[in-house]
Amino acid sequence: ADDNASGVAAVLEAARILASETFDFTVIYAAWDEEELGLIGSSYYAAMAAGRGDDIRGVLNLDMLSWDSNDDGLCDVHAGDVGSSMALANMLVGVDSVYGLGLVPVVRNPGTGASDHASFWGRGYGAILLIEAYYGGDFTPYYHTALDRIDQFNFPYFLGMTKVAVGTLSTLATGGIRTTTTVAVGPKWNLVSVPLVAPDDSVAHLFPSAVTGAYAYAGGPAYELAGTMSPGTGYWMKFDSAEDVAVTGVAVAVETVAVAEGWNLVGPLSAAAAVSSIGSVPPDLVTSPVFGYNGGYSTVDTLLPGKGYWIRAAIDGQLIFSGAPSTPRNRIRVVLTGERPPPPPDDAADRPIAGTPSEYSLSQNYPNPFNPTTTIRYVLPRDVMVTLRVYDVVGREVATLVDERKSAGTYAVRFNASGLASGVYLYRLKAGDFVETRRLVLMR
């Protein structure tokens, strides 16, 4: 917990309830005072843990948990693309669903970096923040005043928030309830997803018989190779022949997937989900029909676990896969447009090549400003040794994104700046004699 009464009370209650339990992993209960003067305590702890090489499965940060003025149960779960953060967020949402706690958790990715979980992001550890619906527009008006007292607590809401925290912690500490799902794939290209939270999320572990890597969509006609695979995302993979692939992990009861304006590759949860059951944030999000792939595209009425699907969103938002029908007000609104999804990738390193480019180029990253991920695209007219590095404004290297020989083509690289402070950075492409530098802005 950081420096607030309700979060600290929930941590103490979790410690009391679980004191006599035996878990597969060590549970550490911590509270850091004066968080708003800086993330001093948590930063020190995270640095020491990283220095010792501690294997932290996840961090659950509890902030203000007790204000719900309209009894709608809304709460924010702040996550990011760091370690197991999204898997933790999905686990919390699943705990609320399985135990019927009556909350409406909304996963925020990218989430805020203004509380103690961010110290662990900076060290590469998975972490999430559970807090009342500040982003949802229902935040205590008594914040930092003498009226911010226990008589302002919404106790049923606070009880639900504490229960979901205890349940998530217990699930994490026991490794969750493992199950196995079989994913049927065919020869050549397949759209796949990860139907479970797997203990090893590497591509080689999940789909060892694939003859290509896992290609994630990077916008436009671009794809990029992914080293790991996360629930909620769809991927292109190629296989030599038809087979059934067994994936073992923890089931995902509810899944919240961020989508950008335009085409998105998504994956459903651990059970089949009807298109009519897909909820959205904001409500009534306009989308295309959902497309599956089996040697060619066709629209589907039901999303199957382990499969990937295309959906086009009219604006940025979130899809909610719960397996249960959503109300008409809260679900997506499918509009027929006649537009088809992008084609599969070829066997190039990062994305399909549509002819050989005639000159070098480095594009402006998008989005910019960004938080915490952005995509950088570059074009090579011939085979060449390539480096793509990111520097701070005084010239210190903060990240190496590419350092290898590349074939001619157009590439997209995703840069995750979760461990960096807000500010201006420079990214420089060097390909043979070609050198170009551009500026990007990280804004938290």
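Please refer to the structure higher up on the page.
Residues numbered from 1 in each chain as written. Predicted model: local features only at pLDDT ≥ 70, side-chain atom pairs only at ≥ 80, totals over all residues. Heavy atoms only, no water.

Undergrad: An account of helix 2 (residues 40–52) is needed here, citing residue identities and associated values.
TA: Two residues of an α-helix separated by three or four positions point the same way, owing to the 3.6 residues in each turn. Along its 13 residues, helix 2 runs 18 Å from first to last C-alpha, staying within 8% of the 18 Å computed at 1.5 Å per residue. Within helix 2 the residues assigned to the buried category are Ser42, Ala46, Ala47 and Ala49. Seen end-on, helix 2 carries its buried residues on one side only, within an arc spanning 165°. The exposed set on the far side of helix 2, more than 90 degrees from its buried face, consists of Ile40, Tyr44, Gly51 and Arg52. Glycine 53, located one to two residues past helix 2, shows a positive phi value of around 80°. (Helix = DSSP H or I, 4+ residues; strand = E, 2+ residues; numbered from the N terminus. Expected span 1.5 Å × (residues − 1). Buried < 20%, exposed > 50% of the residue type's maximum accessible area, 1.4 Å probe, protein only. Arc of directions from axis to C-beta.)

Undergrad: Kindly report on the sheet that holds strand 29 (residues 434–442), identifying the contributing residues and their values.
TA: Spatially, 26-25-28-29 is the arrangement adopted by the 4 strands of the open sheet, whose pairing is antiparallel. Sheet topology places strand 26 (397–406) and strand 29 at the edges, where each strand pairs with a single neighbour. For this sheet the average axis-to-axis angle between neighbouring strands, irrespective of direction, equals 15°. (Pairing = 2+ DSSP bridges. Axes fitted to C-alpha atoms, helices over the stretch in contact; angles between N-to-C directions.)

Undergrad: Describe in detail the packing of helix 3 (residues 85–98) against helix 5 (residues 155–173), supporting the description with residues and values.
TA: The axes of two packed helices give the description: the angle between them and the distance between them. Here helix 3 crosses helix 5 at 120°, and the two axes come no closer than 9 Å. Between helix 3 and helix 5, the interaxial angle falls into the category oblique. Read as a crossing pair, helix 3 and helix 5 show a hand that is right-handed. Facing Leu88, Met91, Leu92, Val95 and Asp96 of helix 3, the residues of helix 5 in contact are Val164, Gly167, Thr168, Thr171 and Leu172. Grouping the amino acids of the contact of helix 3 with helix 5 by side-chain chemistry returns 6 nonpolar, 3 polar and 1 charged. (Parallel < 35°, antiparallel > 145°, perpendicular 65-115°, else oblique. Left-handed = near helix turned anticlockwise from the far one by under 90°. Contact = heavy atoms within 4.5 Å. Nonpolar A, V, L, I, M, F, W, Y, C, P; charged D, E, K, R; others polar.)

Undergrad: Which residues make up a nonpolar patch on the surface, and what are the values?
TA: Together, Val393, Val394 and Val424 make up a nonpolar patch on the protein surface, roughly 260 Å² of accessible area in all. Within the secondary structure, valine 394 is located in the loop between strand 25 (384–392) and strand 26. Under the relative-accessibility criterion, valine 394 is labelled exposed at 58%. (Patch = residues over 30% accessible without salt bridge, like charges linked within 9 Å, V, L, I, M, F, W, Y side chains within 5 Å. Areas by Shrake-Rupley, 256 points an atom, 1.4 Å probe, with all protein chains shown as cover. Salt bridge = Lys/Arg side-chain N within 4 Å of Asp/Glu carboxyl O.)

Undergrad: Tell me about the packing of helix 1 (residues 5–18) against helix 5, and name the residues and values.
TA: Across the interface, helix 1 lies against helix 5 with an axial gap of 10 Å and an inter-helix angle of 50°. As the angle between them shows, helix 1 and helix 5 are arranged oblique. In this structure, helix 1 crosses over helix 5, and the sense of that crossing is right-handed. Contact residues: helix 1 offers Ser6, Ala9, Ala10, Glu13, Ala14 and Leu18, while helix 5 offers Phe158, Thr162, Val166, Leu169 and Ser170. Here the residues of the contact of helix 1 with helix 5 sort into 7 nonpolar, 3 polar and 1 charged.

Undergrad: Explain the packing of aromatic side chains to me, and be specific about the residues and the numbers.
TA: The tally for this structure, following the rule as stated, stands at 24 aromatic pairs. Geometrically, the ring pair formed by tyrosine 134 and phenylalanine 139 is edge-to-face, given 4.7 Å between the ring centres and 80° between the ring planes. With a centroid separation of 5.9 Å and an interplanar angle of 75°, the aromatic rings of tryptophan 189 and tyrosine 215 are classed as edge-to-face. Here the residue tryptophan 189 occupies a position in strand 6 (residues 188–193), and tyrosine 215 occupies one in strand 8 (residues 214–217), the gap between them amounting to 26 residues. For the pair formed by tryptophan 189 and tyrosine 215, the shared burial category is buried. (Phe/Tyr/Trp six-rings, centres within 6.5 Å; stacked < 30°, edge-to-face > 60°.)

Undergrad: Describe helix 3, with residues and values.
TA: Compared with an ideal rise of 1.5 Å per residue, which puts 14 residues at 20 Å, helix 3 spans 20 Å between its outermost C-alpha atoms and is within 8% of the ideal. Counting buried positions over the 14 residues of helix 3 gives 12, a clear majority of the element. Within the span of helix 3, buried status applies to Ser85, Met86, Ala87, Leu88, Ala89, Asn90, Met91, Leu92, Val93, Gly94, Val95 and Asp96. A positive backbone phi angle near 60° is found at glycine 100, which sits one or two residues after helix 3.

Undergrad: Provide a residue-level description of the side chain of aspartate 138, including the pertinent values.
TA: On the secondary structure map, aspartate 138 appears in the loop between strand 4 (127–132) and helix 5. Within polar-contact distance, the side chain of aspartate 138 engages the side chain of serine 69 at 2.6 Å. Discounting residues that sit within four places of it in the chain, aspartate 138 has contacts with Trp67, Asp68, Ser69, Asn70, Asp72 and Ala133. (Polar contact = N/O pair within 3.5 Å; in protein donor to acceptor, adjacent residues only side chain to side chain.)

The values reported here are purely geometric and, on their own, carry no functional implication.
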